[in-house]
Amino acid sequence: MKNSKRKIIITLLTAFCLLAVTVLTGCGGSAGSGSAAGTSESSSSAQSSAPDIKGLTYKSTMDLQYANQFAVYSYEDGYKLIDIKEEGQFLVVPKGKDAPEGLSKDITVLKQPLDHIYVAATASMALFSSMNGLDNVSMTSLKKNGWSFDSIKKKMDSGDIVYAGKYNEPDYELLLDRKCDLAVESTMIYHTPDVQDMISDLKIPVLVDRSSYETNPLGRTEWIRLYGVLTGHEKDAESFFSAQVKKIKKLEGFKNTEKTVAFFYISTDGKAVVRRSSDYVPTMIEMAGGRYIFKKLDDPNGRTSVPMTIEKFYDTAADADYVVYNGSIDGTVHTKADLLAKDPIMKKFTAVKEGRCYVTGASMYQRTDITGEMILDFHKLLTEKDPTDMQFLSKLE
């Protein structure tokens, strides 16, 4: 009898211990997975993914709608941490305050006000302009005649913003003379790492804009919210971005026309250069109610632009309902004759025969701020018989 009771007690104790271990392990697993994910919209998981900075108290995480290449964490007293994928972290320190002691060397400190910025990422300039942040910029990597919108040209005419050399050949002395407090570079700087190192050696922080890696076109525009944090124009940035999102809300639920679009340009070596299928341009076409002619095109090297022989291009794109020539890269095509001069094979394309040939304006890549208008242009192209009043697309006659 005693042995039976002893066995029952041992069995109960064993079961209790197993239950306790299961509960504790389950709790630990949930906390771990929530922390590792870092992408949940709940406040608890957002806080768990926010970097723990000694001396600072976490408040909130920016709720991004489309962008996935950066994150912004807010701390008490106005401190904000910008985390850019594969690039690094930047602590924005409010005016009159100091960076916390013992800060990790992997975090770059940006002390406000940042009002002597060198913008070498030309696609970002329109974002600064649209949030009234050009006063924070004093140098650019593009000469006046290279810009496609007036606000930056006026700033260069007045001398408030000056040309400080191309991204791969900056005028280092001018950067120092103008007291450059931040260099905003595009991913093109990856091809000249020595330039990035040299700028850093001058104690000038370098921030690489990775908006070109955003697959959603509005994700590129949402980088205006990051620049709003840097310059103190957050309200203007939020307001402008919300307006762009609102512009395309009316397209939600629109039934796709199933019309196909070939977007390309012809390189100097005679190849057709198209966008990979996951790029933001094909996404714009889809959002506008069309289909990009290359359904599953990727690049093994991760490039957004994919070159191919004109014959291979013809095999897929010959029957596209529309051809749109990328005038942002090659500005030599203004008429249908110019397009045909690129290669005689263009005469065989259905869209060329039937007069559905268009070209983008030179400003398409520079105007990341008004992506909503670009999408609406493509929508007009796909849904109207003879579309007019388009800002970025022109018919080739």
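As the structure is a computational prediction, the values presented were derived from the model and not from experiment. (Residues numbered from 1 in each chain as written. Predicted model: local features only at pLDDT ≥ 70, side-chain atom pairs only at ≥ 80, totals over all residues. Heavy atoms only, no water.)

## Here we look at the overall build of the protein chain
Looking only at helices and strands, one finds 14 helices and 19 strands in the protein chain. Counting only residues that meet the buried cut, the protein chain has 48% of its 397 residues in that class. Contacts in the protein chain between residues far apart in sequence, at least 24 positions, make up 57% of those at least 6 positions apart. Accessible surface computed for the protein chain: about 20,200 Å², of which carbon and sulfur atoms make up 50%. (Helix = DSSP H or I, 4+ residues; strand = E, 2+ residues; numbered from the N terminus. Buried < 20%, exposed > 50% of the residue type's maximum accessible area, 1.4 Å probe, protein only. Contact = heavy atoms within 4.5 Å. Areas by Shrake-Rupley, 256 points an atom, 1.4 Å probe, with all protein chains shown as cover.)

## Digging into the packing of helix α3 (residues 122–130) against helix α8 (residues 223–231)
Running from N to C, α3 and α8 cross one another at 65 degrees; their axes reach a closest spacing of 9 Å. The two elements α3 and α8 cross, and the hand of that crossing is right-handed. For the pair α3 and α8, the contacting residues are Ser 124, Leu 127, Phe 128 and Ser 130 in the first and Trp 223, Ile 224, Tyr 227 and Thr 231 in the second. In terms of residue class, the contact of α3 with α8 is built from five nonpolar, three polar and no charged. (Axes fitted to C-alpha atoms, helices over the stretch in contact; angles between N-to-C directions. Left-handed = near helix turned anticlockwise from the far one by under 90°. Nonpolar A, V, L, I, M, F, W, Y, C, P; charged D, E, K, R; others polar.)

## A short note on the confidence of the model for the protein chain
Overall, the predicted model of the protein chain reaches an average pLDDT of 88, with 88% of residues at or above 70. For residues 1–47, every residue scores under 50 in pLDDT, and the model assigns this stretch nine contacts once sequence neighbours within four places are set aside. (pLDDT = per-residue confidence, 0-100.)

## A word on the environment of Val 208
One can find Val 208 in strand β12 (residues 206–208). The class for Val 208 is buried, based on a relative accessible area of 0%. Those residues in contact with Val 208 that sit more than four places away from it in its chain are Ile 84, Glu 87, Glu 185, Ser 186, Thr 187, Ile 189, Tyr 190, Gln 196 and Trp 223.

## So, the sheet that holds strand β6 (residues 117–119)
Strand order in the open sheet formed by five strands is β8-β7-β6-β11-β12, and the pairing between neighbours is parallel. Looking along the sheet, the strands with just one partner apiece sit at the ends: β8 (162–163) and β12. Judged from the two bridges that link them, strand β7 (residues 137–140) and β8 form a sheet pairing that is parallel. Considered in β8, the bridge of Thr 140 is made with Tyr 163. (Pairing = 2+ DSSP bridges.)

## Overview of the nonpolar core
Core analysis: the biggest nonpolar cluster contains 93 residues, and Leu 230 and Phe 313 have the highest contact counts within it. Discounting residues that sit within four places of it in the chain, Phe 313 has contacts with Ala 262, Phe 264, Ala 272, Val 274, Phe 294, Met 308, Ala 318 and Phe 349. (Core = buried A, V, L, I, M, F, W, Y, C linked by side-chain atoms within 4.5 Å.)

## Comments concerning a negative patch on the surface
Side chains of Glu 384, Asp 386, Asp 389 and Glu 397 sit close together on the surface and give a patch of like negative charge. Along the chain, Asp 386 falls in the loop between α14 (371–383) and β19 (393–395). (Patch = residues over 30% accessible without salt bridge, like charges linked within 9 Å, V, L, I, M, F, W, Y side chains within 5 Å. Salt bridge = Lys/Arg side-chain N within 4 Å of Asp/Glu carboxyl O. Lys, Arg positive; Asp, Glu negative; His and termini not counted. Charge placed at Lys NZ, Arg CZ, Asp CG, Glu CD.)

## Points about the side chain of Asp 209
One can find Asp 209 in the loop between β12 and α7 (217–221). At 6.9 Å, Arg 220 is the nearest oppositely charged side chain to Asp 209, a buried residue that forms no salt bridge. Within the structure, the side chain of Asp 209 is placed 2.8 Å from the side chain of Ser 124, a separation counted as a polar contact. Beyond its immediate chain neighbours, meaning those up to four positions away, Asp 209 contacts Ala 121, Ser 124, Val 184, Glu 185, Ser 186, Thr 187, Trp 223 and Tyr 227. (Polar contact = N/O pair within 3.5 Å; in protein donor to acceptor, adjacent residues only side chain to side chain.)

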